[in-house]
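The lines below spell out each chain.
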Amino acid sequence: MKTGKIKKIRLNTKSKKNRVPREFFIRDVLDVAPEILGYKLVQKNQNSITAYSISEVEAYRGEEDLACHARRGKTPRTRVMYETGGVLYVYLIYGMHWMLNIVTGEKNNPQALLIRGLKGVSGPGRLTNALDIDGAFNGLDITSSEKIWVEKNYIENKRVTTYPRIGVDYAGEYYSNIPWRFVLE
DNA sequence: TCAATGATTTTG
DNA sequence: AAAATCATTGAT
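The numbers attached to residues start from 1 for each chain and follow its sequence in the written order. As they are written, the chains are lettered A onward and the ligands numbered 1 onward, keeping that order. Local features in this predicted model are restricted to residues of pLDDT 70 or higher, and side-chain atom pairs are both shown and tallied only at a pLDDT of 80 or more, whereas totals for entire chains, interfaces and linings draw on every residue. Calculated side-chain values reflect all of the structure's heavy atoms, with hydrogen atoms and water omitted.

On to the overall build of chain A, then. Each helix and strand in chain A was counted, giving five helices and nine strands. Reading chain A from its N end, one meets helices and strands in the order α-α-α-β-β-β-β-β-β-α-β-β-α-β. Atoms counted for the radius of gyration: C-alpha only. Globule rule: 2.2 Å times the number of residues to the power 0.38. In terms of C-alpha radius of gyration, chain A reaches 16 Å, essentially the compact-globule figure of 16 Å for 185 residues. Based on the C-alpha atoms only, the size of chain A along its principal axes is roughly 60 × 40 × 30 Å. A total of about 10,200 Å² of accessible surface is found on chain A, and carbon and sulfur atoms cover 50% of it. Under the counting rule used here, the positive set is Lys and Arg, the negative set is Asp and Glu, and His together with the chain ends is not counted. Positions of charges follow a simple convention, taking NZ of Lys, CZ of Arg, CG of Asp or CD of Glu. Across chain A, 29 positive and 20 negative side-chain charges occur, with their mean positions spaced 10 Å apart. Secondary structure elements are taken from DSSP: a helix is a run of H or I of four residues or more, a strand is a run of E of two residues or more, and numbering for both begins at the N terminus. Surface exposure here means Shrake-Rupley accessible area, sampled with a 1.4 Å probe, where a residue is shielded only by the protein chains that are shown.

Here it is in structure tokens:
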């Protein structure tokens, strides 16, 4: 069918044009975090494309960060955090909630950004439920995937506020209080 | 305030 | 092989 074909081509062109490239993610997670707020997390389903504005993220930064899963080194689960930035780290927590993270930084520097909120969807578990994201997305490269990617978006008078991360009381005085949660106001 | 719920990691 | 941990959520 002709119309269907034309539509598909237009969508693909748009995604390639606006997609955030790998270089964006191969930087320190603390630089990526405030910048990615307001950017669009874009997902392609059958025929439709939906874009969600990223509103809240948390930074997890290296083996020295006692709240980071990589604090005890590389394991089967944390392996993907050691990859070059731009891939997804998706894991199950509390036996029921999938958490969506984007790996950042250079290879073998385990960092990740937990996506905690999108405009209209708050809570990291509710977010993955809404977007139908599960373990099958683990390791997916968002700089080349046709299913999910990030697009740049300019926000006028953008204001970012930082807070301590949620649910990391076990991480010791310093890392449980460090303001590595970033919220778009 | 606490139960649900199961993969991952440690041996608490 | 068994026990503990856990980037949450929703109901009581």
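The rest of the description comes next.
The next point concerns the confidence of the model for chain A. As a per-residue measure, pLDDT tells how confident the predictor is, with possible values from 0 to 100. Taken over all residues, the pLDDT of chain A has a mean of 93, while the share at 70 or more is 91%. Note on definitions: a residue-residue contact is assigned when non-hydrogen atoms from the two residues lie within 4.5 Å. The model gives residues 1-10 a pLDDT under 50, and that stretch makes one contact with residues more than four places away or in other chains.

Turning our attention to the pairing of strand 1 (residues 40-44). For strand 1 and strand 2 (residues 49-61), the ladder comprises five bridges, and the chain directions are antiparallel. Bridged to valine 42 within strand 2 is alanine 51. Paired strands, as defined in this entry, are two strands with at least two bridges between them according to DSSP. Relative to strand 7 (residues 148-151), strand 1 runs antiparallel, the two sharing four bridges. In the strand pairing of strand 7, lysine 40 is matched with glutamate 151.

What follows is about the protein's contact with DNA strand C. Proximity is defined per residue: if any heavy atom of the residue lies within 4 Å of a molecule or strand, that residue is considered near it. The environment of DNA strand C is formed by 20 residues, the closest being His69, His97, Asn101, Gly125 and Tyr170. Within 4 Å of the protein, the atoms of DNA strand C are drawn from sugar and phosphate moieties in a proportion of 57%. At a separation of 3.0 Å, a base nitrogen of DNA strand C approaches a polar side-chain atom of tyrosine 91. At the level of elements, strand 3 (88-93), strand 4 (97-103), strand 5 (111-118) and helix 4 (124-131) are the ones that each hand at least two residues to the surface near DNA strand C. Within 3.5 Å is the distance limit for a polar contact, defined as a pair of N or O atoms, with the added protein rule that one can donate a hydrogen and the other accept it, and that residues adjacent in sequence qualify only through two side-chain atoms.

Let us look at the pairing of strand 5. Three labels apply to residues, based on accessible area from a 1.4 Å probe with only protein chains included: buried if under 20% of the type maximum, exposed if over 50%, partly exposed otherwise in between. The element strand 5 is extensively covered by neighbouring structure, given that eight of its eight residues are classed as buried. Pairing of strand 2 with strand 5 involves seven bridges; the strand directions are antiparallel. Along strand 5, the bridge assignment pairs tyrosine 60 with alanine 112. Sheet topology note: the strand 4/strand 5 ladder contains three bridges and is antiparallel. Along strand 5, the bridge assignment pairs asparagine 101 with leucine 114. Note that strand 5 and strand 6 (residues 121-122) share two bridges and pair antiparallel. Each bridged residue has a counterpart across the sheet, and for leucine 118 the counterpart in strand 6 is valine 121.

A few words now on the side chain of threonine 104. Looking at where threonine 104 falls in the secondary structure, it is placed in the loop between strand 4 and strand 5. Residue threonine 104 is classed as buried on the basis of its relative accessible area of 0%. Here the side chain of threonine 104 touches glutamine 111 through a polar contact of 2.9 Å, side chain to side chain. Here threonine 104 is in contact with Phe25, Arg27, Val29, Val32, Gly85, Asn109, Gln111 and Ala112, once residues within four sequence places are set aside.

This part takes up the protein's contact with DNA strand B. DNA strand B sits among Arg72, Thr75, Pro76, Arg77, Thr78, Tyr94, Gly95 and Met96. At a separation of 3.5 Å, a sugar or linking oxygen of DNA strand B approaches a polar side-chain atom of arginine 77. Within the backbone of glycine 95, one N or O atom sits 3.3 Å away from a base nitrogen of DNA strand B. When its residues are assigned to classes, the surface near DNA strand B shows three nonpolar, three polar and two charged. Polar here means any residue other than Ala, Val, Leu, Ile, Met, Phe, Trp, Tyr, Cys and Pro, which are nonpolar, and Asp, Glu, Lys and Arg, which are charged; Gly is therefore polar.

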